[in-house]
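Observations on the model geometry
Spelled out, the chains give:
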Amino acid sequence: MSILSDDLPLDPLLADDRNDARRVAYSYVEDAFTEAQQDGLDSDALAHAALFAAFRTLVETYGEEATAVFSEALPEKVRSGAFTTGTRH
């Protein structure tokens, strides 16, 4: 099966043409978060639900092992600011 690609920039403005579908998908997710928050849902609950849905889909698409290998790189990406859009903590 394919190896997961993690080359999607978090900022959709940084994506190039080959990642256009991912950029559009990211915009849909952002819009869903905004709408859900406007309906009163907690952003923490939304984030956990989105992560669960994303990992479930990755496992269904690529399998457990490929998803686990992909997720092993996440701690360092988080620590290095790959997902940080504002002030770093």
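Residues numbered from 1 in each chain as written. Predicted model: local features only at pLDDT ≥ 70, side-chain atom pairs only at ≥ 80, totals over all residues. Heavy atoms only, no water.

**Quick look at the overall build of the protein**
- Per the secondary structure count, the protein includes 4 helices and 0 strands.
- Element order for the protein, N to C, with α for helix and β for strand: α-α-α-α.
- The proportion of buried residues among the 89 residues of the protein is 11%.
- Within the structure as shown, the protein displays about 7,000 Å² of accessible surface, and the carbon and sulfur contribution to it stands at 56%. (Helix = DSSP H or I, 4+ residues; strand = E, 2+ residues; numbered from the N terminus. Buried < 20%, exposed > 50% of the residue type's maximum accessible area, 1.4 Å probe, protein only. Areas by Shrake-Rupley, 256 points an atom, 1.4 Å probe, with all protein chains shown as cover.)

**Focus: the packing of helix α2 (residues 43-62) against helix α3 (residues 64-72)**
- Relative to each other, α2 and α3 sit at 130 degrees, their axes nearing to 7 Å. Taken together, the axes of α2 and α3 lie oblique to each other. Seen from α2, the contacting residues are F55, L58, V59 and Y62; seen from α3, they are E64, A66, T67, F70 and S71.
- Its residues assigned to classes, the contact of α2 with α3 comprises 6 nonpolar, 2 polar and 1 charged. (Axes fitted to C-alpha atoms, helices over the stretch in contact; angles between N-to-C directions. Parallel < 35°, antiparallel > 145°, perpendicular 65-115°, else oblique. Contact = heavy atoms within 4.5 Å. Nonpolar A, V, L, I, M, F, W, Y, C, P; charged D, E, K, R; others polar.)

**Overview of the confidence of the model for the protein**
- Within the protein, residue pLDDT values average 84, and 76% of them lie at 70 or more.
- Taken together, the stretch residues 8-12 has pLDDT below 50 and engages in 12 contacts with residues farther than four places along the chain or on a different chain. (pLDDT = per-residue confidence, 0-100.)

**Points about the side chain of T67**
- Relative to the elements of secondary structure, T67 occurs in helix α3.
- Look at T67 and you get buried, because its relative accessible area is 4%.
- Within the local environment of T67, its side chain forms a polar contact with the backbone oxygen of L58, the two atoms lying 3.3 Å apart. (Polar contact = N/O pair within 3.5 Å; in protein donor to acceptor, adjacent residues only side chain to side chain.)

**Some remarks on the packing of helix α1 (residues 20-38) against α2**
- Taken N-terminus to C-terminus, the directions of α1 and α2 make an angle of 140 degrees; their axes are 10 Å apart at the nearest point. As for the relative orientation of α1 and α2, their crossing is right-handed in sense. Residue-level contacts link F33, A36 and Q37 of α1 to S43, L46, A47 and A50 of α2. (Left-handed = near helix turned anticlockwise from the far one by under 90°.)

**Quick look at α2**
- Taking 1.5 Å per residue, 20 residues should reach 28 Å; α2 reaches 28 Å between its end C-alpha atoms and fits that length.
- Put simply, D42 is the residue that caps the front of α2, since its side-chain oxygen is 3.2 Å from the backbone nitrogen of D44.
- G63 occupies a position one or two residues after α2 and carries a positive phi of about 95 degrees. (Expected span 1.5 Å × (residues − 1).)

**A word on α1**
- Here α1 contains 19 residues, and its C-alpha end-to-end distance of 27 Å stays within 8% of the 27 Å for a straight helix at 1.5 Å per residue.
- A positive phi of about 95 degrees marks G40, the residue just after α1.

**Things to note about a negative patch on the surface**
- On the surface, E30, D31, E35 and D39 cluster together to form a negatively charged patch.
- Tracing the sequence through the fold places D39 in the loop between α1 and α2. (Patch = residues over 30% accessible without salt bridge, like charges linked within 9 Å, V, L, I, M, F, W, Y side chains within 5 Å. Salt bridge = Lys/Arg side-chain N within 4 Å of Asp/Glu carboxyl O. Lys, Arg positive; Asp, Glu negative; His and termini not counted. Charge placed at Lys NZ, Arg CZ, Asp CG, Glu CD.)

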